[in-house]
Amino acid sequence: MKSYRKELWFQVPTRRAFVNITPEVEDCLARSGIREGLCLVNAMHITASVFINDDESGLHHDYDAWLERLAPHEPVSGYRHNVGEDNADAHMKRQIMGREVVVAVTDGRLDFGTWERIFYGEFDGRRKKRVLVKIIGE
Ligand code: ZN
């Protein structure tokens, strides 16, 4: 069995953003040489997510508005976690949107459904953060 590991680095200039990282993951798969197996992609921070959904800007706006209703950033003082920091909402948004995805690798390609793409969800940006890609197979 072969394995491949890479850390992808991101520095999002805003507090929150969704970034399509499918091309970077496809590049990892090509470099791995793996044709059949599994590809894990996970955020390495507890205030960021990796998830799969549609690459459609209206939907991303809707996600952001929905997450902000569920766990509003303000008032910062409304969270017990925010003693010396202000990112309690980001921890909660990450929990809802998830830590990782696993995609089947078939015939050297990510075996997606028609509209599936991989996204990095940032909820406490403006600093360097990492995503882990681990691919195993033959
Ligand atoms: Zn925190």
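All residue numbers here refer to positions counted from 1 along the written sequence of the relevant chain. Note on the predicted model: pLDDT of at least 70 is required for a residue's local features to be given, and 80 or more for side-chain atom pairs to be given and counted; whole-chain, interface and lining totals, by contrast, use all residues. Processing note: side-chain calculations cover all non-hydrogen atoms of the structure and skip hydrogens and water entirely.

Quick word on the sheet that holds strand 7 (residues 117-122)
Then, number 1: Spatially, 2-7-4 is the arrangement adopted by the three strands of the open sheet, whose pairing is antiparallel. Strands at the two margins of the open sheet, each flanked by one partner only, are strand 2 (17-20) and strand 4 (48-53). Across the sheet, the mean angle from the axis of one strand to that of its neighbour is 30°, orientation sign disregarded.
Then, number 2: Here the rule is simple: two strands pair whenever DSSP picks up at least two bridges between them. Starting at the N terminus, helices and strands are each numbered in turn, a helix being any DSSP run of H or I of at least four residues and a strand any DSSP run of E of at least two. Here strand 4 runs beside strand 7; their pairing, made up of six bridges, is antiparallel. If you follow A48 over to strand 7, its bridge partner there is E122.
Then, number 3: Two residues form a contact once any of their heavy atoms are found within 4.5 Å. For helices, the axis comes from a line fit to the C-alpha atoms of the stretch in contact; other axes are also lines fit to C-alpha atoms, and the angle between any two N-to-C directions lies between 0 and 180 degrees. Lying over the sheet, helix 2 (residues 57-70) contacts strand 2, strand 4 and strand 7, oriented at roughly 145° with respect to strand 2.

Focus: the sheet that holds strand 6 (residues 109-110)
Then, number 1: As summarised here, the arrangement of the five strands in space is 1-8-3-5-6, forming an open sheet in which the pairing is antiparallel. A single partner strand is all that each edge strand has here, and the edge strands are strand 1 (2-11) and strand 6.
Then, number 2: In this structure, strand 1 lies alongside strand 8 (residues 128-137), joined through ten bridges in antiparallel fashion. Bridge assignment links Y4 to a residue of strand 8, and that residue is I135.
Then, number 3: Helix 1 (residues 22-32) rests against strand 1, strand 3 (37-43), strand 5 (100-106), strand 6 and strand 8 of the sheet, and its axis sits at about 150° to strand 1.

Let's talk about the environment of S77
Then, number 1: Relative to the helices and strands, S77 is located in the loop between helix 2 and helix 3 (88-97).
Then, number 2: On the basis of relative accessibility, which here comes to 71%, the residue S77 falls in the exposed class. Partly exposed residues are those whose accessible area sits between 20% and 50% of the maximum for their type, while under 20% is buried and over 50% is exposed, using a 1.4 Å probe and protein chains only.

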